[in-house]
Amino acid sequence: MSSSTIDRPRSDDPSNHSLPSVPTPSFWARLGGRAFDHRRRVLMAWIVVLVAVFGSVGAIGASTESSFDTPDSESARGFEILQENFGSAGSFISGSIVFEATAGVDDPAVEAAMTSIFDTVDGYDEVAVTSPYSPLGLQQGLVSPDGRIAYATLSFTDDTDELRASEIGGQIDELAEATDVNGLTIEIGGAALGEFEPPESELIGVAFAIVILILAFGSVLAMGLPIGVALFGVGIGVGTITLLTNVMTIPDFATTLGAMIGLGVGIDYALFIVTRYREGTRAGLDKRTAVVTAIDTAGRAVVFAGATVVISLLGMFVMGLSFINGLATGAAVTVAITMVASVTLLPALIGFAGDRVETTRWRGLIMAGAASVGLLGVGLGFPAVGLLGLVVLVGTLVASLFVPKLREALKSRPEKDLRDTWSYRWSRFVQRRPWPMAIGVTVFLLVVSLPVLGLRLGFGDESTFAEGTTTRQAYDLLAEGFGPGSNGPLLLTATIDDPSQIADVQNVVAELNDTPGIAQALGPIPSESQEAVLIRVVPDTGPQEAATSDLVNTLRDEVIPVATAGSDVEVLVTGSVASSIDFSSYLSKRLPVFFLAVLSLSFLLLMMVFRSVLVPLKAVLMNLLSIGGAYGLVVAVFQWGWGVELFGTGSGPIEPFLPMMLFAIVFGLSMDYEVFLLSRVKEEYDKTGDAANSVADGLAATARVITAAAAIMVVVFGSFVLEDARVIKMFGLGLASAVFLDATLVRMLLVPATMELLGEKNWWLPKWLDRILPTLNVEGGDAPSTVVASDQPAAS
């Protein structure tokens, strides 16, 4: 068709110039508007999902596993031989029943009582018990030389999960409690048999979050919105993780970790959006317009930050380990659900709240305080305080029906001009001294990061459990009677194709008993089919000690090759200790690749957002400083033992997956702060062209919300150091310290100092790069009027 035949509007048509062009509302604007308009449906949908998830959990249940199998490793091949020829001896879950008798373990009353327990436990379908009184037990040396301490080994079938193992541990504890023999002490060894305690530390985090949000917002209802959204997200997230345990390998502490991360990011994400909403209403926007604008600006940034965390976490799938995949999935699912709740459920809740978001009454303030105190009491293990808080809360609500004073609204705090705030003055103070501030903070963070140079990856053993637990007492009894290495014996195994190979294996046992670092080597123990043998090696040192790791490497590289030279028998070093060592080695070799991928992703995304090279480069370097400081504190406390007693645990190596998880989570969280702060700085710079005052204005505009968000993160994450599990304590300290360092030293000192030093160069971007680099808009539309058009009713 020729151009002359194309239909064009007539120039004299009034429709051509009667209406101005109206930009199409963005997806995020439409999402916020629809959630606000259909608030009842949105809220009901979230309630239905919550009920459905927990109903499914009740019907299906959970199944957790923490096996550290490493593909193509020597320990994995050894486990296959054990499982094929020795049954439950090849299980990743094991335990022991350790007992001490002042009259000696061969006392008839002691032997009768303990044999009764062993027979009962051996009757469980999932457990095989090797009694110290059995011929195999005597062969394995399960009675101490002085005859005072002995233990039975418990091996579990492959299909036994950690929840069932914990139940069995509880049943054994009941049997031990029912045994009444003078001078007999019974303890239950093995982390998997320990009692599972549901986490309560999140209650402490919520209690402090209530206080911080009230101080930040000056409104009880505005405080309740982020907490409500976070609780919905965490509830559905934890339920989803529990369901996923039935279809993939997810460790038992993944739900606690998911609750910790979900609670922190859920409150933070909602806090940013509610803050932007209140800015809109105070600027004169109606409620719907303010909600739409908040979702189209802060909501975008929340999705950007949340998606970055999720992508970084799921990037751990490249490791190819089922344990890591499960851990990453658990955390990513919770973050994703809380992120979605922030941009859908939150607008609906704001619609219900209406103008009351800006109003605080005396009764609301007292009830919020009572709730905070009650939650704190329950979280710290004082249920009476929780009950008192509930009584005050209900009593205040009832009293407000008769006492008008309680229904009176408090006066709102007057808003200061940005140039009159402490944050503006602080930024100018820093900007007048950029070099001392930048150098001082950098040196301090580098010093705090120094312990990272001594980082040793590995799994802590039962010596890191709290001293009052039966798991720790069993560990100590074994160490006292048999040496620390008895808590984590090495299992050596080999397949036998010819009877003559037995002599070769016996040579290996003789060589092992002459090897420094080995207390005892027992075997070879043949399988029932005579097709494989097992050697049990007890090191001189405990399972988590560096010397034990060195011994495993020495056996594999030197001792066994020499002892089997000239024969065709292959002896493999396996067992839980060797498997943990292989797992740690596998991860440590791949950590640099993962770190580089996350750093590159962060740099690229920030460059697309801010159209700058130096701003994202500085952000990446500053994030490295804050995460380095967090790593340093974790190593100093949990590996070196500086003040570790205050945390109710012991020192040991750092779990190999922890640096990776911290890295992914912290970079995503800091991305949110980075976008929130620097987008305001860039906005001011684009308006005025003043590189110095734009930094101070941007910091002043965002300081309160960033400080509140960081404070919530710190108390939520920090409260989890009160949990029983050592790995959760490490996550709590690592995340809390990383956020604290990032929000204080980095955002309040390094950012304004370096921005001042670089001036207009902060926003430099080569023209050729500007042409090919995609634009990523995470702060949304410019004018509210362009995004609010709707023919929807106010509510449905």
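Up top you'll find the structure we're talking about.
Residues numbered from 1 in each chain as written. Predicted model: local features only at pLDDT ≥ 70, side-chain atom pairs only at ≥ 80, totals over all residues. Heavy atoms only, no water.

Novice: How would you explain the pattern of salt bridges if you had to name every residue and give the values?
Specialist: Counted according to the given criterion, the structure contains 24 salt bridges. A salt bridge links glutamate 655 to arginine 726; the nearest nitrogen and oxygen atoms lie 3.3 Å apart. Of the two residues, glutamate 655 is situated in the loop between helix H21 (614-639) and helix H22 (658-688) and arginine 726 in helix H24 (residues 726-758); the sequence distance between them amounts to 71 residues. Here aspartate 686 ties to lysine 682 by a salt bridge, and the two come within 3.0 Å at their closest N and O atoms. With aspartate 686 and lysine 682 both in helix H22 and four residues apart, this pair spans about one turn of that helix. (Salt bridge = Lys/Arg side-chain N within 4 Å of Asp/Glu carboxyl O. Helix = DSSP H or I, 4+ residues; strand = E, 2+ residues; numbered from the N terminus.)

Novice: I'd like a description of the packing of helix H1 (residues 27-37) against helix H11 (residues 322-353), backed by residues and values.
Specialist: Contact geometry of H1 with H11 gives a least axis separation of 7 Å together with a crossing angle of 45°. As summarised for this structure, H1 and H11 are arranged oblique, according to the angle between their axes. Viewed along their axes, H1 and H11 form a crossing whose handedness is right-handed. Residues Leu31, Gly32, Ala35 and Phe36 of H1 form the contact with H11, whose own contacting residues are Val343, Thr344, Pro347, Ala348 and Gly351. Among the residues making up the contact of H1 with H11, the classes are represented as six nonpolar, three polar and no charged. (Axes fitted to C-alpha atoms, helices over the stretch in contact; angles between N-to-C directions. Parallel < 35°, antiparallel > 145°, perpendicular 65-115°, else oblique. Left-handed = near helix turned anticlockwise from the far one by under 90°. Contact = heavy atoms within 4.5 Å. Nonpolar A, V, L, I, M, F, W, Y, C, P; charged D, E, K, R; others polar.)

Novice: Help me get a handle on helix H13 (residues 383-399), residues and values and all.
Specialist: Compared with the 24 Å implied by 1.5 Å per residue over 17 residues, the 24 Å span of H13 between its first and last C-alpha is a close match. Listed as buried for H13 are Gly386, Gly389 and Thr396. End-on, the buried residues of H13 take up no more than an arc of 95°, which puts them together on one face. Pointing more than 90 degrees away from the buried face of H13 are the exposed residues Pro383, Ala384, Leu387, Leu388 and Val391. Residues of H13 that are buried in the fold lie against helix H12 (362-379) and helix H14 (404-407). (Expected span 1.5 Å × (residues − 1). Buried < 20%, exposed > 50% of the residue type's maximum accessible area, 1.4 Å probe, protein only. Arc of directions from axis to C-beta.)

Novice: Tell me about the packing of H22 against helix H23 (residues 691-719), and name the residues and values.
Specialist: One can describe the packing of H22 onto H23 by two numbers: an axis separation of 7 Å at closest approach and a directional angle of 160°. By the angle between their directions, the pair H22 and H23 is classed as roughly antiparallel. Both H22 and H23 take part in a crossing whose hand is right-handed.

Novice: Give me the sheet that holds strand E5 (residues 490-495): which residues, what numbers.
Specialist: Pairing is antiparallel across the open sheet formed by four strands, whose spatial order is E6-E7-E5-E8. Every interior strand has two partners, whereas the edge strands, strand E6 (518-526) and strand E8 (572-574), have only one. Across the sheet, the axes of successive neighbouring strands diverge by a mean angle of 25°, strand direction being ignored. In this structure, E5 lies alongside strand E7 (residues 532-539), joined through six bridges in antiparallel fashion. Bridge pairing links alanine 494 to valine 533 in E7. Along the sheet face, helix H18 (residues 501-513) touches E5, E6 and E7 and points at about 165° away from the line of E6. (Pairing = 2+ DSSP bridges.)

Novice: A description of the sheet that holds strand E2 (residues 127-130) should follow, citing residues and the corresponding values.
Specialist: The strands that make up a sheet pair up through hydrogen bonds in the backbone, lying either parallel or antiparallel. What the four strands build is an open sheet, ordered E2-E3-E1-E4; its pairing is antiparallel. Edge positions in the sheet fall to E2 and strand E4 (184-189), since each has one partner strand and no second. Across this sheet, the average inter-strand angle for adjacent strands is 20°, counted without regard to direction. Pairing geometry for E2 and strand E3 (residues 149-156), over four bridges, is antiparallel. If you follow alanine 128 over to E3, its bridge partner there is serine 155. Strands strand E1 (94-101), E2, E3 and E4 of the sheet are contacted by helix H6 (residues 162-178), whose axis makes an angle of about 180° with E4. Sheet strands touched by helix H17 (residues 470-482): E1, E3 and E4. Its angle to E4, the strand with the most contacts, is close to 110°.

Novice: Tell me what's going on with the nonpolar core, and back it up with residues and numbers.
Specialist: Core analysis: the biggest nonpolar cluster contains 166 residues, and Leu313, Ile324, Phe638, Phe657, Met661, Phe717 and Phe731 have the highest contact counts within it. Excluding its chain neighbours within four sequence positions, the residues that come into contact with methionine 661 are Leu257, Leu313, Met316, Leu327, Ala331 and Phe731. Ile97, Ala113, Met114 and Ala192 belong to the second-largest nonpolar core, a separate cluster that totals 28 residues. (Core = buried A, V, L, I, M, F, W, Y, C linked by side-chain atoms within 4.5 Å.)

Novice: Tell me about helix H15 (residues 422-431), and name the residues and values.
Specialist: Residues of H15 that are buried: Ser423, Tyr424, Ser427, Val430 and Gln431. Buried residues of H15 fall within an arc of 125° about the axis and therefore sit on the same side. If you follow the buried residues of H15, they end up packed against helix H16 (434-449), H23 and H24.

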